[in-house]
Amino acid sequence: MTKPFAIPKALVWDAFQRVKANGGSAGVDNESIEAFEKNLGDNLYTLWNRMGSGSYFPPPVKAVPIPKKSGGTRMLGVPTVADRVAQTVVKLVLEPALEPVFDRDSFGYRPGRSALDAVALVRRRSWDYDWVVEFDIKGLFDNIDHELLLRALRKHCRNPWVLLYLGRWLKAPMATAEGTLVARERGTPQGGVVSPLLANLFLHDALDAWLRREMRSVRFCRYADDGVIHCKSEVQARLVLRKLGDRLRACGLELQPEKTRIVYCHDVNRQVAYPTIQFTFLGYTFRPRKAVDKYGRVYVNLSPGVSREALRTMRQTVRGWHLQLRNDKELSDLSNMFGPVLRGWANYYGRFYPTALKPLWRHVNDYLVRWMRRKYKHLARGVTRAARALGRLADSAPRSFVHWERGFLPAAR
C-alpha cells in the first residue's frame, strides 16, 4: 500500500544517529536511548511507518524544572526518545529550507554559526556606532503565538507532512511530575529538537525582517532571544527601543526590562557623558578597557571581556570540584578530569580580552596550592612553599592546564 508521505528510511536512521550522539534523558515513557536501541530495528520501522502514513501523534513532553542563573526555575520539556527521532527527521528537512531565509545577522541555533561569531560582529560594529540598544526577550519559548508561527511556516515551507507534524507538536501537552497533563495554547517547549528552529523562524518574521524593512539605518545582531541594535545617535536609539517594544507586543512577546537598556559606547574618541557605558552579550561585557596600540601607547577601547556573572558561575563550579580534597590524585589525574573544562572556558571567554580571566586562573591556582599542601606533608605548613612548588610543577608540565600554557602561573606568596 502506498503511503501518503514519502519519507526515506535512511532519513529516520540518520535522525536516530544524531539523537544518540546528543544523548539526553528519557521522556514520559521512561525509555532511555539504550533501552530504545535494544529493539532498534522495530522501533525505527514503527516510527517510519507511522510518519509515512500520517498516523504519528507525539506523546506528551515531560516537564523538568531547571534552575535559572537569575534565580527561580524554568520548565524544560523533554520528549521521548522516539519523538526526538521524529522531530529530528522533520528538522533535517526543514532546516535546509529555512537557512537561506534567515538573516545574515542571526546567529543562534544555526549550523556553521557560533556565539563567538556574534560577539565578534558586535565588537566590530561597536567601534563604528556610538549607541547600542541591548535587549532580551522575556520567556520567548513559552510565549510564541501558535497561529503566527504556523502562518510563517506555511509561508516558507510547502512540505505537507512537515507542516502536519509541526502542528501536532505545538499542541502536544506537557506532563508534570504529578502526572497532570497541561495543555499548551502558546509556546514551543525548550528541550524539543525543533523548538530552536521554530523560535528562530518566529523571530525572523517578527523581528529580523521587520528591522530590515522598518529600521534600515540601524544594524542588529541577534542570538536567539538576546540581541544588540547599533544606532548612530541617542535620539535614534530611543526611537528604536520604543518601536521595538511596540513590535514585540504586537507579536505576543515583551522585552525583559532588567536586560534591556540604551548604552553609549564610550572610548578614547567618544567622551559624551552618559550613565550607562557597558552592556553584556552572550557572557561578554562590553565596556571601556585599556588597550595598547602597535606603537606601545596605552589608550581606552571598547572591548568585550568575560562578564562578572560568567566569572562567578565558573568560580562556583571550580569550588564544587573540591580540588583540595583530591590528594589521592596525581597532577595528571586532575588535568584529565578538569583540564578540558578549563580549556573550553579559555577558548570561549578568552577570545577577545583574555586578561579578564585572571581572577578565575588565580582561583584555580589557589585550589591547586591547597591540594599540594594536603598531598605533600612537607608543604602542609607553608603556603609560600606550596605555591613555589606548584610553580615549579607548572614550569615542568605547562600543558597540564590551559592557563599554565598561557602564562598564568602560580605566584609565590
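To be clear, the structure that these remarks concern was listed above.
All values derive from a computational prediction rather than experimental measurement.

### Things to note about the packing of aromatic side chains
- In this structure the tally under the stated criterion is 17 aromatic pairs.
- Between Tyr109 and Tyr223, the ring centres sit 6.4 Å apart and the planes meet at 45°, which makes this aromatic pair tilted. In this pair, Tyr109 is assigned in the loop between helix 4 (81-98) and helix 5 (115-128) and Tyr223 in strand 6 (residues 219-223), connecting sequence segments 114 residues apart.
- Assessed through its relative accessible area of 39%, Tyr109 is described here as partly exposed.

### Considerations on the nonpolar core
- Within the largest apolar cluster, 67 residues are counted, with the highest numbers of intra-cluster contacts made by Ile7, Met51, Leu94, Trp161, Leu166 and Ile229.
- When near neighbours in sequence (up to four residues on either side) are disregarded, Trp161 contacts Phe5, Ala6, Ile7, Leu11, Met51, Val89, Val90 and Val93.
- Judged by nonpolar contacts, the second largest core, of 53 residues, contains Phe286, Leu360, Val364 and Tyr367.

### What to know about the layout of surface pockets
- In this structure, the second largest pocket spans a volume of roughly 350 Å³.
- The wall of the second largest pocket is formed by 16 residues, among which Asn22, Thr88, Lys91, Gly192 and Val193 lie closest to the centre.
- Residue assignment for the lining of the second largest pocket shows that the elements contributing at least two residues are helix 1 (9-22), helix 4 and helix 9 (195-214).
- For the lining of the second largest pocket, the leading source of residues is helix 4, giving five residues.
- Looking at the lining of the second largest pocket residue by residue, the classes come out as six nonpolar, six polar and four charged.

### Re helix 4
- Taking 1.5 Å per residue as the helical rise, helix 4 with its 18 residues ought to reach 26 Å, and the 25 Å between its terminal C-alpha atoms agrees with that figure.
- Maximum bend of helix 4: about 30°, positioned at Lys91.

### Overview of the packing of helix 9 against helix 10 (residues 234-250)
- Two numbers describe how helix 9 lies on helix 10: the axes approach to 10 Å, and their chain directions differ by 140°. In this view, helix 9 runs oblique relative to helix 10, as classed from their interaxial angle. As helix 9 runs across helix 10, the sense of the crossing is right-handed. Residues Asp205, Ala206, Leu207, Trp210 and Arg213 of helix 9 form the contact with helix 10, whose participating residues are Lys243, Leu244 and Arg247.
- The residue makeup of the contact of helix 9 with helix 10, split by class, is four nonpolar, no polar and four charged.

### Re the pattern of salt bridges
- Taken as a whole and assessed by the stated rule, the structure comprises 16 salt bridges.
- For Glu99, the salt bridge identified is with Arg110, shortest N-O distance 3.0 Å. Of the two residues, Glu99 sits in the loop between helix 4 and helix 5 while Arg110 sits in the loop between helix 4 and helix 5, which places them eleven residues apart along the sequence. For the pair shown, Glu99 and Arg110 are each scored as buried.
- Shared partners join several salt bridges into a network, and the residues in it are Asp103, Asp105, Arg125 and Arg212.

### Brief notes about helix 3 (residues 40-53)
- Counted at 1.5 Å a residue, the expected span for helix 3 with its 14 residues is 20 Å, and the 20 Å between its end C-alpha atoms agrees.
- Among the residues of helix 3, those classed as buried are Leu40, Leu44, Leu47, Trp48, Met51 and Gly52. In a view along the axis of helix 3, the buried residues occupy a sector of 125°, so they form one face of it.
- The inward-facing, buried residues of helix 3 contact helix 1, helix 2 (33-38), helix 4 and helix 8 (160-171).
- Gly54 lies just past helix 3 and shows a positive phi near 85°.

Reading the values: the criteria
Residues numbered from 1 in each chain as written. Predicted model: local features only at pLDDT ≥ 70, side-chain atom pairs only at ≥ 80, totals over all residues. Heavy atoms only, no water. Phe/Tyr/Trp six-rings, centres within 6.5 Å; stacked < 30°, edge-to-face > 60°. Helix = DSSP H or I, 4+ residues; strand = E, 2+ residues; numbered from the N terminus. Buried < 20%, exposed > 50% of the residue type's maximum accessible area, 1.4 Å probe, protein only. Core = buried A, V, L, I, M, F, W, Y, C linked by side-chain atoms within 4.5 Å. Contact = heavy atoms within 4.5 Å. 1 Å grid on protein atoms, 1.4 Å probe; cavity = no way out; pocket = protein on both sides within 12 Å on 5 of 7 lines; lining within 4 Å. Points joined across faces, edges and corners; volume = space filled by probe spheres on them. Nonpolar A, V, L, I, M, F, W, Y, C, P; charged D, E, K, R; others polar. Expected span 1.5 Å × (residues − 1). Bend = angle between axes of the 7 residues up to and from the residue. Axes fitted to C-alpha atoms, helices over the stretch in contact; angles between N-to-C directions. Parallel < 35°, antiparallel > 145°, perpendicular 65-115°, else oblique. Left-handed = near helix turned anticlockwise from the far one by under 90°. Salt bridge = Lys/Arg side-chain N within 4 Å of Asp/Glu carboxyl O. Arc of directions from axis to C-beta.

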